[in-house]
Amino acid sequence: MTKGTVDFMALKQITRVNIAEKVFEQLRDQILQGTWKEGEKLPSEQELTETLGVSRSSVRQAIRTLADYGMVETRNGTGTYVKRQISGNYMLNIVPIGDLQFEDIVEVLDFLCLIEDSVAAMAVQRCTQEELAELQAIHKRLIAAKDQNDLEALTNVDVEFHSKIAMITQNSLVVQTYALLLEFLQPVMHRTYVTLGAEEGIPYHERLIQAFCAHDAVSAKNVMGAHAQNRRDKFLALQERIEP
């Protein structure tokens, strides 16, 4: 693709992913708000498609993401049901994102500095070839969003990248903890991209992909640790610019 041209296929894929993400967020919020209780069956894919006015593939992807987060389970031949949630998920209602204070965000960033490197190392050890391909596909969409300078899509795909690493661990507590922490972190990531540009964070992702390809847990741990620390440092630096 020459400089200045638009990759319409990449844009189309980003748009499709954004729709699935929006459907996921809507269904997640409804579950957390008690629209469907534990053990209750969600509407069918066809019903959700008609109600939400989106494609069936977007609904299917959203439900798959809910399942990855441990919020629902799909039973063959009967449908999708709400699972019991760990208490951390309910914090999304108790602590609205917009009400987070500077100290709250720093605590999230500090906690990620403590756990993200170990999560990455665990993911490398448990990653299948199929999951590696999925992680690489997410990274390609991240690059496409960067090339289009679409900072909203870039932020969403960045969150998806880290969420996928959590899912690869096959540890439900890790997955649901990330679902909570990344929800808090997303506005910070977007602000960082807006201020520092679309390149921020991508070099770390590229090195993480290399570590996954090489099945190198030590390298993944080191890269992710540096990534988490860099994110924290950049947020503090941005805050210093804002405050007098």
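Keep in mind that this is a model prediction, so the values were computed, not measured.

The rules behind the values
- Residues numbered from 1 in each chain as written.
- Predicted model: local features only at pLDDT ≥ 70, side-chain atom pairs only at ≥ 80, totals over all residues.
- Heavy atoms only, no water.
- Helix = DSSP H or I, 4+ residues; strand = E, 2+ residues; numbered from the N terminus.
- Buried < 20%, exposed > 50% of the residue type's maximum accessible area, 1.4 Å probe, protein only.
- Axes fitted to C-alpha atoms, helices over the stretch in contact; angles between N-to-C directions.
- Left-handed = near helix turned anticlockwise from the far one by under 90°.
- Contact = heavy atoms within 4.5 Å.
- Nonpolar A, V, L, I, M, F, W, Y, C, P; charged D, E, K, R; others polar.
- 1 Å grid on protein atoms, 1.4 Å probe; cavity = no way out; pocket = protein on both sides within 12 Å on 5 of 7 lines; lining within 4 Å.
- Points joined across faces, edges and corners; volume = space filled by probe spheres on them.
- Polar contact = N/O pair within 3.5 Å; in protein donor to acceptor, adjacent residues only side chain to side chain.

Draft legend 1. Spatial organisation of unusual backbone geometry. We note that N149 has phi near 55°; this positive angle belongs to a residue other than glycine. One can find N149 in the loop between α6 (129–147) and α7 (151–168). At Q170, a position not held by glycine, the phi torsion is positive, near 60°. Looking at where Q170 falls in the secondary structure, it is placed in the loop between α7 and α8 (172–196). Residue Q170 is classed as exposed on the basis of its relative accessible area of 56%.

Draft legend 2. Geometry of the packing of helix α2 (residues 45–52) against helix α3 (residues 56–68). Taken N-terminus to C-terminus, the directions of α2 and α3 make an angle of 115°; their axes are 9 Å apart at the nearest point. For the pair α2 and α3, the sense of crossing is right-handed. For the pair α2 and α3, the contacting residues are E45, Q46, L48 and T49 in the first and R56, V59, R60 and I63 in the second. Across the contact of α2 with α3, the residue classes tally to 3 nonpolar, 2 polar and 3 charged.

Draft legend 3. Spatial organisation of empty space enclosed by the protein. Inspection of the entire model under this criterion finds 1 cavity of 30 Å³ or more. As a volume, the largest cavity reaches approximately 130 Å³. Secondary-structure elements contributing two or more residues to the lining of the largest cavity are α7, α8 and α10 (217–242). Per-element accounting of the lining of the largest cavity gives the leading share, 4 residues, to α10.

Draft legend 4. Fine view of the side chain of K164. Note on placement: K164 falls in helix α7. The buried category is assigned to K164, whose relative accessible area is 12%. Contacts of K164, omitting those with residues within four sequence positions, involve E131, E134, L135 and I138.

Draft legend 5. How the structure looks around the side chain of R231. Residue placement: R231 occurs in helix α10. Of note is the side chain of R231, whose polar atom sits 2.9 Å from the side chain of E116. In contact with R231, not counting residues within four places along its chain, are L109, L112, E116, H162 and L185.

It is worth stressing that arrangement in space is one thing and function is another; only the former is reported here.
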